[in-house]
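This is what each chain is made of:
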Amino acid sequence: MKESFQRLLCKRGGTRAMWEYPFAVAGINVSFMLIKMLDLLSERPRSIPGMNFVRILSEDEDAFDVLYCISFVMMDAQWLAMRASYMEFNEVLQTTRIQIERELSLEDVHRIRDLPAHNLLDQ
C-alpha cells in the first residue's frame, strides 16, 4: 500500500493530465464517498455493499484503510483513462463509486483481498 500511496502522491503512474486534481481534496472526497456509499453514519448499513463491508470490517480492522487505498488508486486510474479535467472530478468519483459498489456486492467477496480491484495495490 505504501508504494501505491507514493505513486499517487508523486503522480508517477500513467500519462499525467495537464490539469491535475488537488491531492488532498481528492482524498477528502474519497473518504466522504466511502462513508456515504457504505452508509457508515447510520446504525446499520442498508445497502448490500455496506452490509458486506461491515462484515469484512468485523474480521479485518484494516479493511477501511485498504478500501480507501483501493478507491483512491481506482479514482486516479479513472482520471487518467477519462483524461478528465478538474471540472469532471465528480464524474470520475461517481464512476469510481459505482465500480466499488459492484465489487462489494459480489457474492464471492469475503475479505478485502477478494475485491477484484485489490490487484491495483500490487502494481
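Numbering of residues starts from 1 in every chain and runs along the sequence as written. Predicted model: local features are reported for residues with pLDDT of at least 70 only, side-chain atom pairs are reported and counted for 80 or more only, and whole-chain, interface and lining totals are derived from all residues. Side-chain figures throughout are based on the complete set of non-hydrogen atoms in the structure, without hydrogens or water.

Visitor: Lay out the packing of aromatic side chains with the relevant residues and their values.
Guide: Note on aromatic contacts: the rings of Phe and Tyr and the six-membered ring of Trp form a pair at centre separations within 6.5 Å, being stacked when their planes are under 30 degrees apart, edge-to-face when over 60 apart, and tilted otherwise. Inspection of the entire model under this criterion finds 7 aromatic pairs. Where Phe23 meets Phe72, the ring centres are 5.1 Å apart and the plane angle is 35°; that geometry is what we call tilted. Taken together, the residues span a long stretch of sequence, with Phe23 in helix 2 (residues 23–37) and Phe72 in helix 4 (residues 63–82) at a distance of 49 residues. Judged by its relative accessible area of 21%, Phe23 is partly exposed. Whether a residue is buried, partly exposed or exposed follows from its accessible area with a 1.4 Å probe, protein chains only, as a fraction of its type maximum: under 20%, in between, or over 50%, in that order. Owing to a relative accessible area of 4%, Phe72 belongs among the buried residues under this scheme. Put simply, DSSP marks the helices as runs of H or I at least four residues long and the strands as runs of E at least two long, and each gets a number from the N terminus on.

Visitor: I'd like a rundown of the nonpolar core, residues and numbers included.
Guide: Put simply, buried Ala, Val, Leu, Ile, Met, Phe, Trp, Tyr and Cys residues joined by side-chain atoms within 4.5 Å make one nonpolar core. Among the nonpolar cores identified, the biggest contains 32 residues, and Leu67, Met75, Leu104 and Ile112 are the most heavily contacted of them. Counting only elements with at least two residues in this core, the list comes to helix 2, helix 3 (48–59), helix 4 and helix 5 (89–104). Tallying contributions element by element places helix 4 first for this core, with 11 residues. Contact definition: two residues touch when any of their heavy atoms are within 4.5 Å. Ignoring sequence-local partners within four residues, the contact set of Met75 consists of Tyr21, Ala26, Phe89, Val92, Leu93 and Thr96.

Visitor: Got a sec to walk through a nonpolar patch on the surface? Specific residues and values, please.
Guide: A cluster of nonpolar side chains, namely Val25, Tyr86 and Met87, defines an oily patch on the protein surface of about 330 Å² accessible area. For Val25, the position within the fold is in helix 2. Each patch is built from residues that are more than 30% exposed by relative accessible area and take part in no salt bridge. Like charges join if they lie within 9 Å; nonpolar side chains (Val, Leu, Ile, Met, Phe, Trp, Tyr) join within 5 Å. Areas reported here follow the Shrake-Rupley algorithm with a probe of radius 1.4 Å; residue values treat only the protein chains shown as occluding. Salt bridge, as used here: a side-chain nitrogen of Lys or Arg that lies within 4 Å of a carboxyl oxygen of Asp or Glu.

Visitor: An account of the pattern of salt bridges is requested, with residue identities and associated values reported.
Guide: Taken as a whole and assessed by the stated rule, the structure comprises 3 salt bridges. Between Arg46 and Asp39 there is a salt bridge; the shortest N-O distance is 3.6 Å. The salt bridge partner of Arg97 is Glu101, with a shortest N-O separation of 3.2 Å. In this pair, Arg97 and Glu101 both sit in helix 5, 4 residues apart, roughly one turn of the helix. Overall, Glu101 belongs to the partly exposed group, its relative accessible area being 23%.

Visitor: Quick one: what's the story with the packing of helix 2 against helix 5, residue by residue and with numbers?
Guide: At a minimum axis separation of 11 Å, helix 2 and helix 5 run at an interaxial angle of 40°. Viewed along their axes, helix 2 and helix 5 adopt a mutual orientation that is oblique. The two elements helix 2 and helix 5 meet at a crossing, and its hand is right-handed. Touching Ala26, Asn29, Val30, Met33, Lys36 and Met37 of helix 2 are Phe89, Leu93, Thr96, Arg97, Ile100, Glu101 and Leu104, all from helix 5. In this analysis an axis means a line fitted to C-alpha atoms, helices contributing only their contacting stretch, and an angle means the value between N-to-C directions, from 0 to 180 degrees. Convention used here: angles under 35 degrees read as roughly parallel, angles over 145 as roughly antiparallel, angles from 65 to 115 as roughly perpendicular, and any remaining angle as oblique. Helix crossings fall into two classes, left-handed where the near helix is turned counterclockwise from the far one by less than a right angle and right-handed where it is turned clockwise.

Visitor: So, the environment of His110: which residues are in play, and what are the values?
Guide: With respect to the secondary-structure elements, His110 resides in the segment after helix 5. Separated by 51 residues in the primary sequence, His110 and Glu59 place their C-alpha atoms 9.5 Å from one another. If we ignore the near neighbours within four places in the chain, the residues touching His110 are Arg55, Ile56 and Glu59.

Worth remembering: the numbers are spatial, not functional.
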